[in-house]
Amino acid sequence: MKVLLTGSDGFVGRHLRRALEERGDDVTGVDLGRGLDCIHLFRRGDHGPADGYADLPTHYDLAIHCAAIVGGRSAIDGSPLSIATNLALDSWFFRWLADRHGARRAVYFSSSAAYPIALQGPDGRALVESDIDLADPHVPDFTYGWAKLTGERLAQIAEIAGARVHVFRPFSGYGTDQDDAYPFRAFIDRGRCQADPFAIWGDGNQVRDWIHIDDIVAAVLAAVDQDVPGPVNLSTGRATSFNEFADMVTREVGYRPAIRHEHAAPRGVAYRVGDPTRMRTFHTPRITLEEGIRRALQNSGR
């Protein structure tokens, strides 16, 4: 396939690019380092050529939209207007897709942050795809969640215009080469240097659903190949608290530090776990969190 991949140098994007190229797809990567530049790339059909940007072919078999500003919990809570730039990125992507028929099919990465925060309290349950009703949306996780909800609505509109859009909602994706702004990499780095005390934001009881980047990539490509309709959770259904996660890392390293809970730090919602039933119809996660921790520690110099 001829594939356009936005955000191709980001965490998810670079793993997708490698997998696509390994199976023989022709990938055009777009990652200009400054989010709004991607908008100019898609807008050029309206405003003429822009200096410094290579022309896009007129048509792709598949366009995968990974470009987004995230930056971890501190950015979501601390830079809400920067995160809102994702609204612009998504709107111009979908305009290019629908108005100019830039690709026959597309992939849109939404997020578990799009789910109502009212369902993610201490007594939360596994979130199912139907918990989001785009006709009657409930408050998601800050501006990042609102942007992803809006992106899902734009995907619906693009489908009405004739594009096929696969929508995915990743939960806590992780991997060895993830940025240290995210908790998985931060915990691995603390374990590797045997930090004592071991810092955990909040009280450590907040729960997440960790899914390895290899399983995210495999699930997305399987869904596209099988034309699976969305939205689809990318999750394992396994609930792991930050305290439990820290214990797994330090046990694997082989030391028992004191734990320092940083209660003033951003902590996010109390309970965010996905129901993987729909995903398991075409992909079953293969990499456990224990295996992911072992891989990361081995590859980070331990």
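This structure is a prediction, so every number in the text was calculated from the model and none was measured. (Residues numbered from 1 in each chain as written. Predicted model: local features only at pLDDT ≥ 70, side-chain atom pairs only at ≥ 80, totals over all residues. Heavy atoms only, no water.)

Visitor: I keep staring at the nonpolar core and nothing clicks. Help me out?
Guide: General note: in soluble globular proteins, nonpolar side chains tend to be found buried as a group. Counting 28 residues, the largest nonpolar core has L16, I64, V107, F109, V220, L234 and F282 as the members making the most contacts within it. Of all the elements in the fold, those that place two or more residues in this core are β1 (2-6), α1 (11-22), β3 (60-65), β4 (103-109), α8 (213-225) and β10 (232-234). Counting residues per element, this core draws most heavily on α8, at nine residues. The contact partners of F282, leaving out residues within four places of it in the chain, are A219, A222, A223, Q226, V228 and V232. Core analysis: the next-biggest nonpolar cluster, separate from the first, contains 20 residues, Y174, A195, F245 and A296 among them. (Core = buried A, V, L, I, M, F, W, Y, C linked by side-chain atoms within 4.5 Å. Buried < 20%, exposed > 50% of the residue type's maximum accessible area, 1.4 Å probe, protein only. Helix = DSSP H or I, 4+ residues; strand = E, 2+ residues; numbered from the N terminus. Contact = heavy atoms within 4.5 Å.)

Visitor: Just checking my understanding: could you explain the packing of aromatic side chains for this structure?
Guide: When we look at a pair of aromatic rings, we describe it by the centre distance and by the angle of the planes. The full count for this structure, using the stated rule, is 14 aromatic pairs. Site record: aromatic cluster; members linked through ring pairs are Y174, F184, F187, F198, W210, F242 and F245. (Phe/Tyr/Trp six-rings, centres within 6.5 Å; stacked < 30°, edge-to-face > 60°.)

Visitor: Any chance you could explain the sheet that holds β4 here in plain terms?
Guide: Hydrogen bonds between backbone atoms are what pair the strands of a sheet, whose relative direction is either parallel or antiparallel. Overall, parallel pairing links the six strands, which are arranged β2-β1-β3-β4-β5-β10 in an open sheet. Sheet topology places β2 (26-30) and β10 at the edges, where each strand pairs with a single neighbour. Direction aside, neighbouring strands of the sheet carry axes that sit 20 degrees apart on average. As paired elements, β1 and β2 share five bridges and run parallel to each other. Opposite K2, over in β2, you have D26 as the bridge partner. Where α8 meets the sheet, its contacts fall on β3, β4, β5 (164-170) and β10, and the angle it forms with β4 comes to roughly 150 degrees. (Pairing = 2+ DSSP bridges. Axes fitted to C-alpha atoms, helices over the stretch in contact; angles between N-to-C directions.)

Visitor: Is there a simple way to think about the pattern of salt bridges in this case?
Guide: Side-chain pairing between opposite charges can occur once the charged atoms of the two side chains come close. All told, the structure shown has 21 salt bridges when counted by the stated rule. With a closest N to O distance of 3.2 Å, K2 and D26 form a salt bridge. With K2 in strand β1 and D26 in strand β2, this residue pair connects regions lying 24 residues apart in the sequence. Its salt-bridge partner being R251, residue D247 comes within 2.7 Å of it at the nearest N-O pair. Placement of the pair is D247 and R251 together in helix α9 (residues 242-253), with a separation of four residues, close to one helical turn. Because the salt bridges share partners, they merge into one network encompassing R105, E159, R164 and D227. (Salt bridge = Lys/Arg side-chain N within 4 Å of Asp/Glu carboxyl O.)

Visitor: It is not clear to me how the sheet that holds strand β13 (residues 271-272) should be interpreted in this structure. Could you clarify?
Guide: The strand order β11-β8-β13 describes an open sheet built from three strands, whose pairing is mixed. What marks the edges here is a single partner per strand, and that holds for β11 (240-241) and β13. For strand β8 (residues 207-208) and β13, the ladder comprises two bridges, and the chain directions are parallel. Looking at the pairing, R208 lines up with R272 of β13.

Visitor: Even after reading the chapter, I still don't get the side chain of S8, so can you show me in this structure?
Guide: In this fold, S8 is placed in the loop between β1 and α1. According to the relative accessible area criterion, S8 is buried, its value standing at 3%. In this structure the side chain of S8 is engaged in a polar contact, spanning 3.3 Å, whose partner is the backbone nitrogen of V30. Apart from residues lying up to four places away in sequence, S8 is in contact with G13, R14, R17, G29, V30 and D31. (Polar contact = N/O pair within 3.5 Å; in protein donor to acceptor, adjacent residues only side chain to side chain.)

Visitor: Help me understand the packing of α9 against helix α10 (residues 289-299) in this model?
Guide: Helix packing geometry: the angle between the two helix axes and the distance between the axes. Relative orientation of the contacting elements α9 and α10 amounts to 50 degrees, with a least axis distance of 10 Å. Taken together, the axes of α9 and α10 are oblique relative to one another. In this structure, α9 crosses over α10, and the sense of that crossing is right-handed. Residue-level contacts link F245, M248, V249, E252 and V253 of α9 to L289, E290, I293, R294 and L297 of α10. The residue inventory of the contact of α9 with α10, partitioned by class, reads seven nonpolar, no polar and three charged. (Parallel < 35°, antiparallel > 145°, perpendicular 65-115°, else oblique. Left-handed = near helix turned anticlockwise from the far one by under 90°. Nonpolar A, V, L, I, M, F, W, Y, C, P; charged D, E, K, R; others polar.)

Visitor: What am I meant to see in the environment of L221 here?
Guide: Structurally, L221 is set in helix α8. L221 sits 201 residues away from L20 along the chain, and the two C-alpha atoms are 8.4 Å apart.

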